[in-house]
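# Summary of structural features
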Amino acid sequence: MTTETQAQTLSDGVDLLIDALKLNGITNLYGLPGIPITDLTRRAQAAGMRMISFRHEQNAGNAAAIAGFMTQKPGICLTVSAPGFLNGLTALANATTNCFPMILVSGSSEREVVDLQQGDYEEMDQLAIARPLCKAAFRVLHAEDIGVGVARAIRAAVSGRPGGVYLDLPAKVFAQSMDAEAGRKSLIKVVDPAPRQIPAPDAVQRALKLLAGAKRPLIVLGKGAAYAQADTEIRTLIEKTQIPYLPMSMAKGLLPDTHEQSAAAARSFVLPEADVVMLIGARLNWLLSHGKGKTWGGKDAKAWGGQKFIQIDISPQEADSNVPIDAPVIGDIGSCVSALLDGIGAAGSGWPQPSADWLGAISERKSKNVAKMAETLAKNPTPMNFHSALNVMRDIIKANPEAMLVNEGANALDFTRSIVDMYKPRKRIDVGTWGVMGIGMGFAVAAAVESGQPVIAIEGDSAFGFSGMEVETICRYKLPVCVVVFNNNGVYKGTDVNPSGGPDVAPTVFVKGARYDKLMEAFGGVGVHATTPAELRKAVEEAVRSRQPTLINAVIDETAGTESGRITSLNPKSAKK
Ligand code: FYN
Ligand code: ADP
């Protein structure tokens, strides 16, 4: 046999990994080349995969995670060993916390040397470090096990409660070769990776009974409901029962925010007043004040408000995490909501509608808040503030409902959430469960790659700094991303002073009058310096129309903004002054 024919009948670890991913319908990879995965990234591209290379692994990881949220397929992030792996870990942990399916595939150093701590290049026991931060972690030591490793990683990422998975591939596995035919047979096409989970009929009945007896029912939609892609079933449930609903941040748009049953503009009224609350893909964590305390009408921070809860969730362990759940319904949201709809349908016209008093009171509160908001948005102060700038963004999203909206910051996040209405499911992606800063450009890249739609990223100037170098990535791949940096010269605002009178500026203050737009111009994109709502409007409209990478430095009043936005109460308070 010539060497050439021999090579044709052999597959190495790189071939097997690429083939295993392709066999399972994975077409896009996010990552950063280097030892030992450089050849993998090249050969994946040669094999027809889309390989998106980033400037920092955390951003590649965030891209993979949000790709998973958008598509229900695990997003893949490729990193080099030790430092690159560590850079990817924040994204892996964040994916797990947010229930986004992703797989971090890292090259690693030689096991024998690592385990004896003999000082290998980038030596680190990566598997042990990743394990507590993800849903599952696997290592493949032989090329013939790559198929199984990938299959296990895919199942772990997307089945049940989705999450982050770590797959460790020591460098020498990439170079191991085996007979090509045996290699092909070793690969697994995962059948039914996220099996439906049908709820128990008695659990459905229990929930229906509680719901039917409610006088002031409320539905809370979380990002699990958005992830589940059961949009029609959820909308039918809400419209058939006429129950008001509250969307959590990333569930905005699951039904249009302008829907008459949305109680978003009456949030602080409905939470304490509701008597039965049905959570659909939302956890009673800090974002919902743990289901108790004053937000829920309790007399103090720890007290139960008296509500009964129904919780629809795929994780059987979620119920009772904070307060008692009277009717847990465990299964996938599509199956659970369909089962509830069957029960409601069977009751025919006998299904009780919420009381007119309850709906009337919500409507009254909503009208008041909406009118108050309209008044604030109509103002046109100089310099611009968050409201006058967001009034523009609100119109643009309304005119472009297919556009993806990325959002991070403190005030830039909180004001955008309540001012900018969303009209379609899974279009709003943000800081999620951890309130993490730094997701911006990674999310924006993946949103453009996965959806093909224009992406608008509304960024606080501080938040943008965490991933700002990826504007080069946006330009390199010519992605239709328009980044709007709300520049108020600092973290929260730009007016703090150094109390000691020393030469350094205060810890929360940045360079005044910074020109973030120049950063985009440096890589061939469009940079715009906008100081009025009219300039901002023109620039964003042009960016959406042209699909050119654009960064708009939107100058916001440096006195605008409050410490930590709407979560100021989480700042530790000391009795000592
Ligand atoms: C909402 N609201 C509206 C509308 N939508 N008014 C008029 N029109 C519309 N369309 C009102 C709503 O009723 C609230 O007023 C207020 O606007 C804010 O609404 P929101 O954002 O839904 O409610 P709130 O209280 O901020 O929600 C709590 C929260 C949220 C914890 C879920 O703050 C959140 O998601 N925070 C994430 C913060 C984060 O992660 N930050 C990053 C770290 S920053 P009232 O009903 O009058 O209260 C580090 O420093
Ligand atoms: P939010 O922050 O929007 O309130 P969370 O991340 O707290 O949302 O909650 C999402 C919940 O959705 C998690 O408890 C998760 O187990 C659940 N979940 C995710 N996907 C599904 C699904 N397909 N079916 C049912 N529950 C799901």
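For the structure, check the block above.
### Focus: the site of ligand 1
- Every one of the 23 residues lining ligand 1 counts as a neighbour, but A264, S268, R417, Y492 and R566 are closest to it.
- The separation between an oxygen atom of ligand 1 and a polar main-chain atom of R267 is 3.4 Å.
- Burial of ligand 1 by the surrounding chains reaches 81%, relative to a free accessible area of 1000 Å².
- Contributing elements (two or more residues each) for the shell around ligand 1: α14 (267–273), α16 (356–378) and α18 (411–419).
- With four residues, the single largest contributor to the shell around ligand 1 is α18.
- When the residues that make up the shell around ligand 1 are grouped by side-chain class, the tally is 13 nonpolar, six polar and four charged.

### Points about the side chain of T433
- For T433, the position within the fold is in the loop between β15 (428–430) and α19 (440–451).
- Given the relative accessible area of 8%, T433 is considered buried.
- Within the structure, the side chain of T433 is placed 2.7 Å from the side chain of K223, a separation counted as a polar contact.
- If sequence neighbours within four positions are ignored, T433 has contacts with T97, N98, K223, R283, N285, W286 and L287.

### Some points on the layout of surface pockets
- By volume, the second largest pocket amounts to about 160 Å³.
- Lining the second largest pocket are Q242, P244, E260, Q261, S262, A263, L359, I362, S363 and K366.
- Partitioned by chemical class, the residues of the lining of the second largest pocket number four nonpolar, four polar and two charged.

### Regarding the pattern of salt bridges
- Using the criterion set out here, one finds 28 salt bridges in the structure.
- A salt bridge links D430 to R428; the nearest nitrogen and oxygen atoms lie 2.9 Å apart.
- What makes R428 buried here is its relative accessible area of 0%.
- Through salt bridges with shared partners, one network takes in D12, D15, D39, R42 and R43.

### A closer look at the environment of L89
- On the secondary structure map, L89 appears in helix α5 (residues 82–98).
- We classify L89 as buried; its relative accessible area is 7%.
- Note: C-alpha distance between L89 and C134 (45 residues apart in sequence) is 9.0 Å.
- Residues contacting L89, with those up to four places away along its chain left out, are L104, I129, A130 and L133.

### Re the sheet that holds strand β10 (residues 245–247)
- Read from one edge to the other, the open sheet built from five strands follows the order β10-β9-β11-β12-β13, with strand pairing classed as parallel. Looking at the sheet topology across the chains shown, the edges are occupied by β10 and β13 (327–330). Across the sheet, the axes of successive neighbouring strands diverge by a mean angle of 15°, strand direction being ignored.
- Where strand β9 (residues 217–221) lies against strand β11 (residues 276–280), five bridges are found, and the strand directions are parallel. Bridge pairing in β11 links I219 to M278.
- Those strands touched by helix α11 (residues 201–212) are β11, β12 (308–313) and β13, and its axis lies near 135° from that of β13.
- In the packing of helix α13 (residues 231–241) onto the sheet, contacts are made with β9, β10 and β11, and the angle to β9 comes to roughly 165°.

Criteria and cut-off values
Residues numbered from 1 in each chain as written. Chains lettered and ligands numbered in written order. Predicted model: local features only at pLDDT ≥ 70, side-chain atom pairs only at ≥ 80, totals over all residues. Heavy atoms only, no water. Near = heavy atom within 4 Å. Polar contact = N/O pair within 3.5 Å; in protein donor to acceptor, adjacent residues only side chain to side chain. Areas by Shrake-Rupley, 256 points an atom, 1.4 Å probe, with all protein chains shown as cover. Helix = DSSP H or I, 4+ residues; strand = E, 2+ residues; numbered from the N terminus. Nonpolar A, V, L, I, M, F, W, Y, C, P; charged D, E, K, R; others polar. Buried < 20%, exposed > 50% of the residue type's maximum accessible area, 1.4 Å probe, protein only. Contact = heavy atoms within 4.5 Å. 1 Å grid on protein atoms, 1.4 Å probe; cavity = no way out; pocket = protein on both sides within 12 Å on 5 of 7 lines; lining within 4 Å. Points joined across faces, edges and corners; volume = space filled by probe spheres on them. Salt bridge = Lys/Arg side-chain N within 4 Å of Asp/Glu carboxyl O. Pairing = 2+ DSSP bridges. Axes fitted to C-alpha atoms, helices over the stretch in contact; angles between N-to-C directions.

By themselves, these observations are geometric and do not establish any function.
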